[in-house]
Structure formats: structure tokens, C-alpha cells
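Residues per chain, in single letters:
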Amino acid sequence: MEVRELTIDQVRSLLERGEVSAVEICQAHLESIDQRNSEIKAFIHSDASRALEQAARIDQTKRQGEPLPVLAGVPLAIKDNISIEGQRCTCGSKILENYTAMYDATAISKLRAAGAVFVGKANMDEFAMGSSTENSAFFQTRNPHATGYVPGGSSGGSAAAVAGQMAVAALGSDTGGSIRQPASFCGVVGLKPTYGRVSRYGLVAFGSSLDQIGPLTRTVKDAARVLGVIAGSDMHDATSVAAAVPDYVAGINASVKGIRIGLPKQYFKAGIATEVNQKVQAGLKLLERLGCELVEVELPHTEYAIACYYVVAMAEASSNLARFDGVRYGLRVHGEGTLTGMYRETRDAGFGNEVKRRIILGTFVLSSGYYDAYYLKAQKVRTLIKQDFEKALAKVDVIASPTSPTPPFRLGEKSSDPLAMYLSDIFTITANLAGIPGISVPCGKTAEGLPVGLQLLGKHFDEATLLRVGHAFETEGGFTL
Ligand code: GLN
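What counts and what doesn't
Residues numbered from 1 in each chain as written. Predicted model: local features only at pLDDT ≥ 70, side-chain atom pairs only at ≥ 80, totals over all residues. Heavy atoms only, no water. Phe/Tyr/Trp six-rings, centres within 6.5 Å; stacked < 30°, edge-to-face > 60°. Buried < 20%, exposed > 50% of the residue type's maximum accessible area, 1.4 Å probe, protein only. Lys NZ or Arg CZ within 6 Å of the ring centre and 35° of its normal. Salt bridge = Lys/Arg side-chain N within 4 Å of Asp/Glu carboxyl O. Helix = DSSP H or I, 4+ residues; strand = E, 2+ residues; numbered from the N terminus. Near = heavy atom within 4 Å. Polar contact = N/O pair within 3.5 Å; in protein donor to acceptor, adjacent residues only side chain to side chain. Areas by Shrake-Rupley, 256 points an atom, 1.4 Å probe, with all protein chains shown as cover. Nonpolar A, V, L, I, M, F, W, Y, C, P; charged D, E, K, R; others polar. Pairing = 2+ DSSP bridges. Axes fitted to C-alpha atoms, helices over the stretch in contact; angles between N-to-C directions. Parallel < 35°, antiparallel > 145°, perpendicular 65-115°, else oblique. Contact = heavy atoms within 4.5 Å.

Student: Where do I start with the packing of aromatic side chains in this structure?
Tutor: The description of an aromatic ring pair rests on the distance of the ring centres and on the angle between the ring planes. For the coordinates displayed, the defined rule picks out 13 aromatic pairs. Taken together, a centroid distance of 4.7 Å and an interplanar angle of 90° make the contact between Tyr 309 and Tyr 310 edge-to-face. A single burial state applies to Tyr 309 and to Tyr 310, both of which are buried. Against the face of Phe 409 rests Lys 414, its NZ or CZ located 4.6 Å from the ring centre.

See below:
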């Protein structure tokens, strides 16, 4: 068994049997980063000595005969907008290039307590704005399946780290698809939890009413394991919800017979690439063979989703990013010596084009005179989209669709056309607007060998059903269709 292809369960059984040590597993991944990162560029930085220290502590626990925590020795890549105390947290931006996080995000302290090992901080679109990781201020990440193609985004580094065998699993963040779409492009599993399921404390905010942290993994069961650790309410995040966290792994093998799967009429119209459609149709047939019932459902406000998302996300971003002004965090450019000059020069030098575009548009839709016409209208449309899902999910248990309408695209193919990039988010952004959970599971590859993903969306706080259906799909060969 190749150490760099392990699942979380395999890491555990190797450690328990004493066949390899946590330090050896960590070293194998650090070597992999040394060998492959120069080509794939999944990581912005990695701290080998801290990772090895974490791993050594696990080996010590084992030597002392104490029980191993649930993610003992599992090497994780962490998206570089999630704070790890004492490590840089750049958000893929020049403005935070030299910013060091002063505390652990709640998801990180939970993973730390569960014995995970942080092997590096993963590349991302600047402030998580993008769908290809080409908006990173530092470098582009390449898709490990075909290096001329994008890994998706904005958690492209996290997805590429797992697909490129540089980490067993990763954390990403999803504001409008940024876990699910890169998972789909890189042939791994990506789960966006229900809004409120995972604490956002320590995640650098982009769209605070949309953002969620979630796992990218090799298997659905691994996603269940990581979610089980990071989920739960947190006094540091008032939007985290005190709903009970089920044992996701224990419920994963239950039969999917009789599960009703909704197929949104508005999603399966023209506009899906032929090969993506073929693979997803084959995936749906497989689910039918497993005893699921396919039912057509309506999501009538789908045509407004992109416009609605980009108004809400840009408005929230313009407000959240106001804090990066040279006073408290990261870069400061003095300008001509005046306070406003310092603000202006710092923000001009620190932010890239996509971030500036969003701050300007977001400020516009929030400004007096335009607020009602754009921001308020978008909030009303958001409610309609949420109601669409409530109605559809009253009839079915989950909703299925392609994760992305196209397979991975070539580096540079869409980077000069922001609208084309925004349009590729059509199937993923609605879950964030509605606050519901979504998972992307691998669903075969195109003739060129590019991964395709099947998306499953569920009811609020019903990640368990998504994991159960995803696991059955995976076990019955859905990943290799
Ligand atoms: N692609 C979307 C955007 O650019 C989603 C980003 C995300 O989920 N962070 O806003």
C-alpha cells in the first residue's frame, strides 16, 4: 500500500497495528510536497517542523498505550484563509502576505485535539473569490489529473493537495461552491455543511451569510469522519447552531433503498457539457439500481441565482474587506503621508483585480439610492430561492445535479472573462443562498481523463443522508463510472 494514497481509516489501522509511525506518514507527505509541489503548486507554505512535532506527539501517545484520537496522524492541507496559530494566513492575497494568525480557528482546534497533522496551507483564489485558483496573488495551482487544466476554485490548492497525494484530506471553505467545484474538478469528495453546522470562527470572512468550512477527502467516509470532528456549536460564532451532531460514520452504511432523489428540471436543460451529462446520467442510473427513486422537481427561480448570489456575495465582501486598510492587518503602504493616502495606496497595492472589482460593485449595490434596487431586491430573490428548495425537499430526500456544467477548463481559458467564470457556478451557489448542505462525489472521467462530479444537495442539517447516498454510490462503483 502506498502511504500517500491512504484513506483516514487506513492511516488509523496502520498506526494501530504499529506498521508505520505517525512521523513516517508525515514524512512521506512532506517528501511528496517537496517532489510535487513545484509542479502542482497546491501549497502556499508548509511548516515541516511543526507538522513533525504534531506527528511525534501521536507516536508518543501510542507508546504510552493511550487510545489514539479519531484523526490521529492524518496529514491535512488547510486552505490559507483558515487560521492556524503562529502560521501565516495569506488568503492568497498580497495584502496578507506577511500576516501571522494569532489564534486557531475553532475547526483547527478541534482537528488538533483529534490528532490531525497540518502539513501545509493550501493555495486559493484571493479571498476565496474565483472558481479556478487563478486569482491567487502568488501562483496558479495545476490540476493533478492534467496539468494544463485548472483545479477549480477557490479551494483549488486543497483539492489538488488531496488529488496530488500531498495530503490525506483537506479543509476548504465554500461561499458559492468553492469546496464542491474543485472537488469535482480534481476527482475527490467535497462537502459543504449546512450554514451554521461548522463554526466560522477563524475563517477569514468573505460572504458571512454564505461561508462554511468543510472537508475535501478521498472517500465519502473520510468526509464523514472529518465533519464529525469539526461540526457543532461554538460560543465564538453566534451563527453556529446547537443541533445535535449525529455519528455520521455509524449511519453511513444504511440502505438507500426508497430514498427519493429530485432532479431539478431547470438544471437539466441545455448548457451542460455532453460528457458531463453522460456521466451524471450514468450515475443517476446507478442510484436507481440501488433502489433510489428519481423524481423530477422544480426550482423555478434558478435563472436569477447567479445575479442574486453575486449581489449578495459582493456586498458582504465589500463590507468584510473594509478592515484591510493598513491599520491593523498585514500590508501598509504609507502613501503621501496622509491617512486617506495610506488607506488608498495600501488597498491599491494589496488587492488584486477580482477583489477590487467586487469591492467596487459591492459598495455600489449597498450605496444609498441603489440599495433597494439591488441589495434589497437580491435578498428578496434569495428568499424565493430558499423557498424553492424547501418546497422541492418536502417531496424528496435529496436533489442531484452535476456539480459543474463543464469538466475542468484549461488554465487561462476563462481568466479574462469574469462573467464566463461566474456562470460556471450555477449549480453550486444555490445551496449557499438556501443554506443547505451539498456534497460533490466523483462520477467518472471524460475521454480526456478529466474528472466529473455528481452533486447531492440535502435538507438543512441532513448531511447524514448525503453521506449515506454518496457512500452507497461510491461503494457500488460510482466513482469510476
Ligand atoms: N466562485 C464563487 C465566487 O467566485 C464561489 C467562491 C467561493 O465559494 N468561495 O464567488
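Now, onward.
Student: Just to check I follow, could you spell out the pattern of salt bridges for this structure?
Tutor: Close approach of charged atoms allows side chains with opposite charge to pair. Applying the stated criterion across every chain yields a total of 18 salt bridges. A salt bridge links Arg 357 to Glu 354; the nearest nitrogen and oxygen atoms lie 2.8 Å apart. Taken together, the positions of Arg 357 and Glu 354, both in helix α11 (residues 353-366) and three residues apart, correspond to about one turn of that helix. Each of Asp 9, Lys 221 and Arg 225 takes part in salt bridges that share partners, so that together they form one network.

Student: When you look at the site of the ligand in this model, what are you seeing that I'm missing?
Tutor: Not every one of the 15 residues close to the ligand is listed here, only the nearest: Thr 175, Gly 176, Ser 178, Tyr 309 and Arg 358. Interatomic distance of 2.8 Å between a backbone N/O atom of Thr 175 and an oxygen atom of the ligand. Gly 177 places a polar main-chain atom, nitrogen or oxygen, 3.4 Å from an oxygen atom of the ligand. For the ligand, the protein covers 99% of the area, taking 290 Å² as the surface of the free molecule. Its residues assigned to classes, the shell around the ligand comprises five nonpolar, seven polar and three charged.

Student: Honestly, the sheet that holds strand β5 (residues 189-192) in this entry has me stumped. Any pointers?
Tutor: The strand order across the open sheet formed by 11 strands is β1-β3-β2-β4-β6-β5-β10-β11-β9-β7-β8, and the pairing between neighbours is mixed. Of all the strands in the sheet, the pair left with one neighbour each is β1 (43-45) and β8 (293-297). Neighbour to neighbour, the strand axes of the sheet diverge by 35° on average, direction disregarded. Of the strand pairs in this sheet, β5 and strand β6 (residues 212-217) are connected by two bridges, and their pairing is antiparallel.

Student: Can you help me understand the packing of helix α9 (residues 305-320) against α11 in this one?
Tutor: Helix-helix packing is described using two parameters, namely the angle between the two axes and the distance between the axes. Between α9 and α11, the least distance of the axes is 7 Å, while the angle of their chain directions is 100°. The angle between the axes of α9 and α11 places the two elements in the roughly perpendicular class. Between α9 and α11, the residues in contact are Tyr 310, Val 311, Met 314, Ala 315 and Ser 318 and Arg 358, Ile 359, Leu 361, Gly 362, Thr 363, Val 365 and Leu 366, respectively. Grouping the constituent residues of the contact of α9 with α11 by class yields eight nonpolar, three polar and one charged.

Student: I would appreciate a short explanation of the environment of Arg 289 in the present structure.
Tutor: Position of Arg 289 relative to the elements: it lies in helix α8 (residues 274-289). On the basis of relative accessibility, which here comes to 63%, the residue Arg 289 falls in the exposed class. Once the C-alpha coordinates of Arg 289 and Thr 239 are considered, the two residues, 50 residues apart in sequence, prove to be 39 Å apart.

Keep in mind that these numbers describe shape and distance, not what the molecule does.
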